[in-house]
Amino acid sequence: MKDKNVKQEDDKKLDTTKQDKETTDEKASRLRKSSLKVKEKKKTVIPNREDKTKERTAKEKKDTKKTEEKRRTEENKEKEKIPKAVRETNPKTTPSNQEKSTSSILPKKISNLGWVNRSCVNDQAVKNRVQDLLSSRLIHADHQVEWLARSIQCIDLTTLAGDDCPSNVARLCSKAAHPLSDDLTRALQIKHGLLTTGAVCVYPARVADAVLGLERLGANIPVASVATGFPTGQTSLKIRLEEIEFAVANGAKEIDIVINRELALSQNWGELYNELVEMRKACGESHMKSILAVGELCTLTNIYKASLVAMMAGSDFIKTSTGKETVNATLPIGLVMCRAIRAYNRKTGFKVGFKPAGGIRTSKDVLQWMTLMKEELGDNYLTPDLFRIGASALLNDIERNLANYATGGYFLAEEMPMA
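Here the structure is a predicted model, which means the values were calculated and not measured.

1. Considerations on the overall build of the chain
Then, in step 1: Within the chain, the regular secondary structure consists of 14 helices and ten strands.
Then, in step 2: Classification of the 419 residues of the chain by burial places 43% in the buried group.
Then, in step 3: Expressed as a percentage of contacts within the chain between residues at least 6 apart in sequence, the contacts between residues at least 24 apart total 77%.
Then, in step 4: Roughly 23100 Å² of accessible area belongs to the chain as shown, and the carbon and sulfur atoms make up 51% of that amount.

Written out as structure tokens, the structure reads:
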């Protein structure tokens, strides 16, 4: 019996051990399964984080791309406002002016008008500089005769009167071909026929008369014509372009156009640029001088900006005034325009001429302007290729002063030959 009871107890222990073993195995199995589930959860969580990171990166890239596209679109819109600059090749460039001239520029693009919009003029600094020129840069009396004789070559002898007719245009041409009397040229030891004015300037309707008058005299002097609704420019662009074409067809080698002051005053530089490009095209091989009408532009900053736009559009010269405004050519205005020419030359390498007009009547005036040109732009700007003076009464005063020097006497203006 004892053996039987011991055996039963041993069997129970074995069963308990088995049950414990099974319980342990089950626990281990459950732990394995739970660990597997945790790993699976981790695996499922990690890819989700990566996906979110990828989505965020993709979204950032997309936003960056949209921002870049928006910026490019704005830049393109800005560029579309600025048309192509048109520069016509001008065979009239003289051998003496070996450096690049504005007429020889081929059509090219201008990226923007930021340079124009950023420009600003210090009015007080301009006044101080002019005062310094007038007080410290004086031409010695012994050299004034040579300077005055040189100034004659830079004059655009002008008649823009309502009573202009073939006869007074012919007289003007004769004076342009022989600006000084024979006695005076001999006294100054100037070869006969060598000294002439830079050009003859008339209305478009009188261009043919001027061309004929100069041909009869055998004078190689270009005929300049005002155009584009001179002096106000208050006609449509189509009519202004037709007027240029009419003057060129009649033999004008230089065209003095007036800019649209409304566009300048409203700071619409892009549209002003467009108009000037069209005018440059209409001029063809003739030189284009852009009249800024400075007396109507209100500020020196506007004058500087208008000068830059005119040069960018292909002007061969920039000109101060029509001579019909209340404010015409003054030295502060001239200084600002000269600085614009200098800045444009440094930036592009092209030389643009300068023409003051209106209010220049005496020898003293012209000597001051020539001093300004020499000091600001150099000796090259004392030649008719790059410097002109629009005047009608100036030549009479220069001749009178030269006669006073040559003879030692004193002549009145009325005693000089008529222009």
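Having seen the model, we can carry on.
2. What to know about the packing of helix H8 (residues 237-249) against helix H10 (residues 269-283)
Then, in step 1: For the pair H8 and H10, interaxial distance at closest approach is 9 Å and the crossing angle is 25°. One element, H8, and the other, H10, form an angle in the roughly parallel class. Pair H8 / H10 crosses with right-handed handedness. Contact residues: H8 offers Leu237, Arg240, Leu241, Ile244, Glu245 and Val248, while H10 offers Glu275, Glu278, Met279, Ala282 and Cys283.
Then, in step 2: Tallied by class, residues from the contact of H8 with H10 come to seven nonpolar, no polar and four charged.

3. A short note on the nonpolar core
Then, in step 1: In this structure, Val200, Ile244, Leu276, Phe354 and Leu402 are the most contacted members of the largest nonpolar core, which totals 98 residues.
Then, in step 2: Among the nonpolar cores identified, the runner-up in size contains seven residues, and Cys201, Val226, Phe230 and Ile291 belong to it.

4. Here we look at the packing of aromatic side chains
Then, in step 1: Counted according to the given criterion, the structure contains three aromatic pairs.
Then, in step 2: Taking the ring centre of Trp115 as reference, the NZ or CZ of Lys347 above it sits at 5.0 Å.

5. Regarding helix H13 (residues 363-377)
Then, in step 1: With 15 residues, H13 extends 21 Å from end C-alpha to end C-alpha; this agrees with the ideal 21 Å at 1.5 Å per step.
Then, in step 2: Buried within H13 are the following residues: Ser363, Val366, Leu367, Trp369, Met370, Thr371, Leu372, Met373, Glu376 and Leu377.
Then, in step 3: One or two steps after H13, the chain reaches Gly378, where phi turns positive at roughly 100°.

About the thresholds
Residues numbered from 1 in each chain as written. Predicted model: local features only at pLDDT ≥ 70, side-chain atom pairs only at ≥ 80, totals over all residues. Heavy atoms only, no water. Helix = DSSP H or I, 4+ residues; strand = E, 2+ residues; numbered from the N terminus. Buried < 20%, exposed > 50% of the residue type's maximum accessible area, 1.4 Å probe, protein only. Contact = heavy atoms within 4.5 Å. Areas by Shrake-Rupley, 256 points an atom, 1.4 Å probe, with all protein chains shown as cover. Axes fitted to C-alpha atoms, helices over the stretch in contact; angles between N-to-C directions. Parallel < 35°, antiparallel > 145°, perpendicular 65-115°, else oblique. Left-handed = near helix turned anticlockwise from the far one by under 90°. Nonpolar A, V, L, I, M, F, W, Y, C, P; charged D, E, K, R; others polar. Core = buried A, V, L, I, M, F, W, Y, C linked by side-chain atoms within 4.5 Å. Phe/Tyr/Trp six-rings, centres within 6.5 Å; stacked < 30°, edge-to-face > 60°. Lys NZ or Arg CZ within 6 Å of the ring centre and 35° of its normal. Expected span 1.5 Å × (residues − 1).

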